[in-house]
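Residues per chain are reported as follows:
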Amino acid sequence: MPDLISLISNLNLPSNILFDIAIIIIVATLFAYLAKFFKQPLILAYILTGLIIGPFYLGLIKDLDVIRALAEIGVAFLLFVVGLELNFKKIKEVGFVVSFSGIIKIVILSGLGYFIALLFCFVKLEAFYLASILAFSSTAIVIQLLSNKREIDTLHGKILIGILILEDIIAILLLAILSTETFNSIILVNSLLKGIILLIFSIIISTFILPSLFAFAAKSQELLFLSAVATVFFFSFTSYFIGFSIVIGAFIAGVTLANLPYNLDIIGEVKPLRDFFMTIFFVSLGMQLSFTNFNSILIPLIIFLALILIVKPIIITSLVSLSGYKKRTSFLSGIYLAQISEFSLILISQAFILGHVSQELFSLTVLIAIITMIISSYYIQFSNRIYNTFSGILGIFDKLPTHREELEYSPEIKNPIILIGGHRTGRIIIDTLKKLKTNLLVIDYHPDIIRILMNQKVPCIYGDATNLEIRERIDFKNAKMIISTVNDKETNLNIIKYAKKINPKITIFVSTIHMHEAKEFYKNKADYVILPHILTGERISHILESLIKKKSTVKDIRRSHLEQLNLFSKRFFQLTK
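As the structure is a prediction and not an experimental result, all values here were calculated from the model. (Residues numbered from 1 in each chain as written. Predicted model: local features only at pLDDT ≥ 70, side-chain atom pairs only at ≥ 80, totals over all residues. Heavy atoms only, no water.)

Student: Would you explain the pattern of salt bridges in this entry?
Tutor: Evaluated as defined, the whole model comprises 13 salt bridges. Arg274 is the salt-bridge partner of Asp275, the closest N and O atoms lying 2.8 Å from each other. Two residues, Asp556 and Arg559, come together in a salt bridge whose shortest N-O distance is 3.2 Å. You can see Asp556 and its partner Arg559 sitting in helix α25 (residues 554–576), three residues apart, about one turn around the helix. By sharing partners, the salt bridges in this structure join Lys158, Asp448 and Arg451 into a single network. (Salt bridge = Lys/Arg side-chain N within 4 Å of Asp/Glu carboxyl O. Helix = DSSP H or I, 4+ residues; strand = E, 2+ residues; numbered from the N terminus.)

Structural data, given as structure tokens:
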């Protein structure tokens, strides 16, 4: 194996930017397949790619300066999309907990990080960088895993998104302040004034010029894409001209276009370009990794990992609980943020290029990122199991008031039909069961749905049906039926096994979109599995049969369908207003 490595590293490969990019993309793709197979973040695959093909191992990439320039373009497009996606309406409901928990968490973690860094003899500037880096969590990883688990609209999902938006804004401000080679109080004031001028300039352009330009450009997808990219480079050039990094200008460009009605279209057009350049950015980080002084950073690495993986979740859990939320919401808010951010990597990369930090601190930061991203992904994947394990210890938070999470209407109900999931399919089932005057209890972790049901006096509880506290409050033993509209295999299997154990005679309906999961549910004694595509086909067959046999007309079916659509539109408006 060493001979093979030596052979590859001694190959006389052409020094060509296209050839370098080809190597990066091919090797990164191979490692990305491995990362996906082992359910790891793709960022780790890219960093590993850089480590292997970089100068400290195989040395396949010769021109690191060009790669770094391309990587900076990747960061610019990342911040452009972050600016485009800024939506403060999403965090309106949880504004207090976001500002209270987010700011105090950043102050506490930064303070601890700075103090520990000084203990390990890092100079003050490096300690400041390290303190800043440890305070932020990964927007990309948390949002992706929240989306995969369909938890974006839960209370802890909204809290997490709010805290991450706050962190992103602070990270951008830090990038602006630290983007100069030297800085003092005079330079900081000067940077602030330049930032204000750039913001005023962007407001003028976004008010008087961009709306009409993009209204015309939106008629063509190609022109819309080109206009968006041109805006990024225009603001990046302006930012560079006044002494800021180009990435700050890209973020301002994103914020400038965020209020346009075409922002989602622009995001869709630009994301592939962003992903391409961001791959190069993370590969470039791996290229700069060095383990020549690994022993000197081993103890700091262990201490900082403990700070991120243990202390950070405890701090966030405590702060969210103090804000008036129940222990489960608080715990999940804490455990999801147990990693450092891609912004931390951007910050340390900029600092390393400017000569503000040593190779030792750069390698330490990247290692912290790799390890915390891996472990936190498992934290999130098994969050319910971890919560149930520590639920007893978390009982100390039960003594705190939970006035911000009084989300239930639960009068005493005998022999209930339990509906898990009250949105879309669940809403139709609720209407049917109300007409039949059954004893209904709805469980849902979408707070807006629960509020609507509370207003309608429909018995309901906010939460996850796999949560121990929720289960203890529900009379599964005497329940007539359970209907789950949640398309989650683990949740449904959990419900089937738990309910059948307590009440073998209970009737259980569960949902899935996969045939193999349906068969597994039946093996575990589900009474009926809802497969939407099969039910849709059956429904269309009934409509066709009714038309062919002339039991109804197209106009009758159309009128009935329009009435249903109007009803659902009103309910959707209630959820989104």
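Here the narrative resumes.
Student: Sorry, what's going on with helix α2 (residues 17–37) here?
Tutor: In an α-helix there are 3.6 residues to a turn, and that puts residues three or four apart on one side. Helix length check: α2, at 21 residues, gives a terminal C-alpha distance of 30 Å against a target of 30 Å (1.5 Å per residue), a fit within 8%. Contact partners of the buried residues in α2: α3 (42–53), α4 (64–85) and α13 (263–287). Just downstream of α2 lies Lys39, where phi reads positive at about 60°. (Expected span 1.5 Å × (residues − 1). Contact = heavy atoms within 4.5 Å.)

Student: What is the right way to read the sheet that holds strand β1 (residues 408–409) from this model?
Tutor: Paired through their backbone hydrogen bonds, the strands of a sheet run either parallel or antiparallel. Judged by pairing direction, the sheet is mixed, and its seven strands sit side by side in the order β1-β4-β3-β2-β5-β6-β7 without closing on themselves. The strands lining the two open edges of the sheet, one partner per strand, are β1 and β7 (528–530). Sheet strands in contact with helix α20 (residues 447–455) are β1, β3 (440–444) and β4 (460–462), and its direction is about 155° off that of β4. (Pairing = 2+ DSSP bridges. Axes fitted to C-alpha atoms, helices over the stretch in contact; angles between N-to-C directions.)

Student: What is the right way to look at the packing of helix α5 (residues 95–119) against helix α14 (residues 294–322) in this model?
Tutor: A pair of packed helices is characterised by two quantities: the angle between their axes and the separation of those axes. Orientation of α5 relative to α14, taken along the N-to-C sense of each, is 150°, at an axis distance of 10 Å. Accordingly, the angle class assigned to the pair α5 and α14 is roughly antiparallel. Here the hand of the crossing between α5 and α14 comes out right-handed. Contacts from Val97, Phe100, Ser101, Ile104, Lys105, Ile108, Leu109, Leu112, Gly113, Ile116 and Ala117 of α5 reach α14 at Ile303, Phe304, Leu307, Val311, Lys312, Ile315, Ile316, Leu319, Val320 and Leu322. When the residues that make up the contact of α5 with α14 are grouped by side-chain class, the tally is 17 nonpolar, two polar and two charged. (Parallel < 35°, antiparallel > 145°, perpendicular 65-115°, else oblique. Left-handed = near helix turned anticlockwise from the far one by under 90°. Nonpolar A, V, L, I, M, F, W, Y, C, P; charged D, E, K, R; others polar.)

Everything listed here is a matter of coordinates, which is why it stays silent on function.
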